[in-house]
Amino acid sequence: MDTQTEMEPFDLGPACREVARLLGGIKDDQLSGPTPCPDYAVREVLAHLVGLTVAFRDAAAKTSGPTTDTPPDAALPVLPDDWREVLPRQLDELAESWRSPAAWEGATRIGGVDLPGAVAGLVALNEVQIHGWDLARSTGQPYAPAEASLRASFAMLTPPAVAGSGGPGGTDAGDAGDDSGQAPDGVFGPPVDVPEDAPLLDRVVGLTGRRPDWRPGE
């Protein structure tokens, strides 16, 4: 049986708090700046977070409706004017929703796709954590996710042959995305080679197709 669907629930709170901390450091004149996501400026990464925090919150509650049944739109997400008030609240709600053991049990739906609850929880963590790195790097802020959160992302993103060979995940967690063993698609690209002795955050970032040394204008 898939080890990820049997995992114990873990707290998304540290990842959500770290991203919420970044929001106060984002200036209005940085919203149009570039990010490691080639098609997204800072405002689109923020808008993506606004949407996904609601979708994964509702997925935790097994809610069926537009927020969980609608596939991702190909159009760029639009940032609401009140994002500075809305997004911190939604990050709190997201973390709280996944503190319920029931969220990790059975199946749920997200983006029009049925997933085991435990897999959806991992995907939610990864989305928040990686897009937090995008924002931090794009706006020149420090970023320090909890090691436990990074290890969970690493395990989810690492191909099974690598994860099973003693990587930080400690398990064949690369099949968290779907039955083919691939991580879920999103604003992520093919993995970038990162040295095995690089910091864990850099290795996680590389697995999502990002260069750990990316800076605006590069």
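Here the structure is a predicted model, which means the values were calculated and not measured. (Residues numbered from 1 in each chain as written. Predicted model: local features only at pLDDT ≥ 70, side-chain atom pairs only at ≥ 80, totals over all residues. Heavy atoms only, no water.)

## Observations regarding the overall build of the protein chain
Scanning the protein chain for helices and strands turns up 8 helices and 2 strands. Going from N to C terminus, the protein chain has its helices and strands arranged as α-α-α-α-β-β-α-α-α-α. Here the protein chain holds 218 residues, and the buried ones make up 49% of them. Long-range contacts, defined as pairs at least 24 residues apart, comprise 69% of the intrachain contacts of the protein chain with a sequence gap of at least 6. As displayed, the protein chain offers around 10200 Å² of accessible surface, 53% of which is attributable to carbon and sulfur atoms. (Helix = DSSP H or I, 4+ residues; strand = E, 2+ residues; numbered from the N terminus. Buried < 20%, exposed > 50% of the residue type's maximum accessible area, 1.4 Å probe, protein only. Contact = heavy atoms within 4.5 Å. Areas by Shrake-Rupley, 256 points an atom, 1.4 Å probe, with all protein chains shown as cover.)

## A few points about the environment of L200
Structurally, L200 can be placed in helix α8 (residues 200-207). The sequence separation of L200 and E147 amounts to 53 residues, and the corresponding C-alpha distance is 8.1 Å.

## Notes on the packing of helix α5 (residues 117-139) against helix α6 (residues 147-157)
Packing of α5 against α6 brings their axes to within 10 Å, and their N-to-C directions diverge by 110°. Relative to α6, the element α5 is oriented roughly perpendicular. Once α5 is placed against α6, the crossing between them reads as left-handed. Residue-level contacts link L122, V123, L125, N126 and Q129 of α5 to S149, L150, A152, S153, M156 and L157 of α6. Residue composition of the contact of α5 with α6, by class: 7 nonpolar, 4 polar and no charged. (Axes fitted to C-alpha atoms, helices over the stretch in contact; angles between N-to-C directions. Parallel < 35°, antiparallel > 145°, perpendicular 65-115°, else oblique. Left-handed = near helix turned anticlockwise from the far one by under 90°. Nonpolar A, V, L, I, M, F, W, Y, C, P; charged D, E, K, R; others polar.)

## Considering helix α2 (residues 42-60)
Spanning 19 residues, α2 covers 27 Å between terminal C-alpha atoms, matching the ideal 27 Å at 1.5 Å per step. The buried count for α2 comes to 15 of 19 residues, which makes it a mostly enclosed element. Positive backbone phi, at 60°, marks K62, one or two positions downstream of α2. (Expected span 1.5 Å × (residues − 1).)

## Re α8
A large share of α8 lies buried, amounting to 7 of its 8 residues. If you check which residues of α8 are buried, you get L200, L201, R203, V204, V205, G206 and L207. Among the structural elements, α5 and α6 are those in contact with the buried residues of α8. Two residues or fewer past α8, G209 is found with a positive phi of approximately 85°.

## Structural notes on the pairing of strand β1 (residues 107-110)
Because side chains alternate across β1, one face comprises the buried residues T108 and I110, and the other comprises A107 and R109, none of which is buried. Where β1 folds back on strand β2 (residues 113-116), the antiparallel hairpin that results is connected by 2 residues, among which G111 adopts a positive phi of roughly 60°. (Pairing = 2+ DSSP bridges.)

## Remarks on the pattern of salt bridges
As enumerated under the stated definition, the model contains 12 salt bridges in all. For E18, the salt bridge is made with R21, and the minimal N-O distance between the two is 2.8 Å. Of this pair, E18 and R21 both sit in helix α1 (residues 13-23), 3 residues apart, which is roughly one turn of that helix. By relative accessible area, which is 13% here, E18 ends up buried. The salt bridge partner of E93 is R89, with a shortest N-O separation of 3.9 Å. Taken together, the residues E93 and R89, both in helix α4 (residues 83-97) and 4 residues apart, mark about one turn of the helix. (Salt bridge = Lys/Arg side-chain N within 4 Å of Asp/Glu carboxyl O.)

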